[in-house]
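# Structural overview for review
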Amino acid sequence: MIIMLKPSLSILLAGPRGFCAGVDRAILIVEECLRKYGAPVYVRHEIVHNPHVVQALREKGAVFVEDLSEVPSDSPVVFSAHGVPKSVAESAEIRGLSYIDATCPLVSKVHKEAEQHYKKSRQTLLIGHANHPEVIGTMGQVPEGSMILVESIAKAENVIVADEENVAFVTQTTLSVDDTKDIIDVLYKRFPHIVGPKKEDICYATTNRQKAVKSIAPKCDALIVIGASNSSNSQRLVEVGMKAGCAMSFLVEQAKDVPWGEILPGTTLGVTAGASAPELLVDEVLVEAKQRYDVTVSEIKVADENITFKLPSKLSVGL
């Protein structure tokens, strides 16, 4: 009898990975709304950018829409974790809709900063990616035209402001830490008196997950990031992995999307997950890997996370 031995594969798990406190809170808000109000509960935009999370909530009775016009007047609606422009909340109030805001508190922090800068008549620059829901929501906190989007170093080098002595900046929370620093350095060089956040806007989870990828990428022959294609923080992890030394860095939604044919026996595979990807998807990748290889798994952890966020008061009563 011939016993076929599986080829070996070393897996390095990045830690932290997966869900952050803002994502946990947003999902729990939808679940609590379903418990309190019953199905259906409408959600404006994907609650977080992950199709597996969205589908699981859909099966429980959540209905995802892109416009408030799709929400019946007698149904509650939840605003996604990415945040919404003020005009969306105003429209809900005009229609008399009962709404619950699941905006991540760290995104709300940026919203408040933007409002304060506007009240102090500062020209505000927003470092972020055009058309991302978080950017749309942040720009929608102030009147149109009072905030300028800065997407790159080139834009930072050429952006024109009305008063160079009265400028401020805020950032999207899910950006590359290193790329954002480079843009901020340009802004400080051009506008020495520019006002930035007292504590950086890029959230702790984005920062920690990028640090974790940096710690494993140089040791890996390939790196997979589990996350959705429309997840900004997941896309940034792929970029960070490549810049940190792992040219074969991939974004995959789930185990079946992993390019197993490109992962050679005897090599080291890095595995992480974006902040909106459930740990279940990581487990499925490990199961698939063990079916193909003789696997050894090690975790490299760069930070412990114990942050939690409270639910909105209208949901937390009685919990």
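We now turn to the structure provided with this report. Note that the coordinates shown come from a computational prediction; the quantities given were computed from them, not determined experimentally. (Residues numbered from 1 in each chain as written. Predicted model: local features only at pLDDT ≥ 70, side-chain atom pairs only at ≥ 80, totals over all residues. Heavy atoms only, no water.)

Right, let's get into the sheet that holds strand β12 (residues 294–301). Spatial strand order, β10-β9-β11-β1-β12: five strands in an open sheet with parallel pairing. The outermost strands of the open sheet, each flanked by one partner alone, are β10 (249–252) and β12. Taking the axes of each pair of neighbouring strands and ignoring which way they run, one obtains an average angle of 25° across the sheet. Inspection of the sheet shows strand β1 (residues 8–15) paired to β12 by eight bridges, in the parallel sense. The residue of β12 that forms the bridge with G15 is K301. (Pairing = 2+ DSSP bridges. Helix = DSSP H or I, 4+ residues; strand = E, 2+ residues; numbered from the N terminus. Axes fitted to C-alpha atoms, helices over the stretch in contact; angles between N-to-C directions.)

What follows is about unusual backbone geometry. Leaving glycine aside, a negative phi is the common case for residues, and trans is the common case for peptide bonds. A cis amide bond links G15 with the next residue in sequence, P16, at an omega value of 5°. Here P16 is to be found in the loop between β1 and α1 (21–37). With an omega of 0°, the peptide bond between A39 and P40 qualifies as cis. Mapped onto the elements, P40 comes out in the loop between α1 and β2 (41–44). A positive phi is found at H45, a non-glycine position, where the angle reads about 70°. H45 sits in the buried class, given a relative accessible area of 15%. Located in the positive-phi region is N131, a residue other than glycine, with phi close to 75°. The topology assignment puts N131 in the loop between β6 (123–127) and α5 (133–139). (Buried < 20%, exposed > 50% of the residue type's maximum accessible area, 1.4 Å probe, protein only.)

This part takes up α1. Over its 17 residues, α1 extends 24 Å from the first C-alpha to the last, a length consistent with the 24 Å expected when each residue adds 1.5 Å. The set of residues buried in α1 consists of A21, G22, V23, R25, A26, I27, I29, V30, E32, C33 and L34. Trailing α1 by a residue or two, G38 shows a phi angle of about 80°, which is positive. (Expected span 1.5 Å × (residues − 1).)

Glancing now at helix α3 (residues 86–95). Here α3 has its buried residues at V88, A89 and A92. Buried positions in α3, seen along its axis, are confined to an arc of 95° and lie on one side of it. Opposite the buried face of α3, at more than 90 degrees from it, the exposed residues are E93 and I94. Looking at the buried positions of α3, the neighbouring elements they touch are β2, β4 (77–79) and β5 (99–101). The first or second residue beyond α3 is G96, which carries a positive phi of 75°. (Arc of directions from axis to C-beta. Contact = heavy atoms within 4.5 Å.)

This part takes up the layout of surface pockets. Considered as a void within the structure, the largest pocket measures approximately 310 Å³ in volume. Looking at the largest pocket, it is lined by 16 residues, and the ones nearest its centre are D101, T103, S108, H111 and Q141. Elements with a minimum of two residues in the lining of the largest pocket: α3, β5 and α4 (105–119). When residues of the lining of the largest pocket are assigned to their parent elements, the largest contribution, five residues, is made by α4. Here the residues of the lining of the largest pocket are counted per class, giving six nonpolar, four polar and six charged. (1 Å grid on protein atoms, 1.4 Å probe; cavity = no way out; pocket = protein on both sides within 12 Å on 5 of 7 lines; lining within 4 Å. Points joined across faces, edges and corners; volume = space filled by probe spheres on them. Nonpolar A, V, L, I, M, F, W, Y, C, P; charged D, E, K, R; others polar.)

Below, the discussion takes up the packing of aromatic side chains. Taken as a whole and judged by the stated rule, the model has three aromatic pairs. Taking 4.9 Å as the distance between ring centres and 20° as the angle between the ring planes, the aromatic pair formed by F79 and Y99 counts as stacked. With F79 in strand β4 and Y99 in strand β5, this pair connects stretches of sequence that are 20 residues apart. Look at F169 and Y188: their rings are 5.9 Å apart centre to centre, the planes differ by 90°, and that puts the pair in the edge-to-face class. In this pair, F169 sits in strand β8 (residues 167–171) while Y188 sits in helix α7 (residues 177–190), placing the two residues 19 residues apart along the sequence. Taking the ring centre of Y99 as reference, the NZ or CZ of K314 above it sits at 5.9 Å. (Phe/Tyr/Trp six-rings, centres within 6.5 Å; stacked < 30°, edge-to-face > 60°. Lys NZ or Arg CZ within 6 Å of the ring centre and 35° of its normal.)

Honestly, it's all geometry; don't read function into it.
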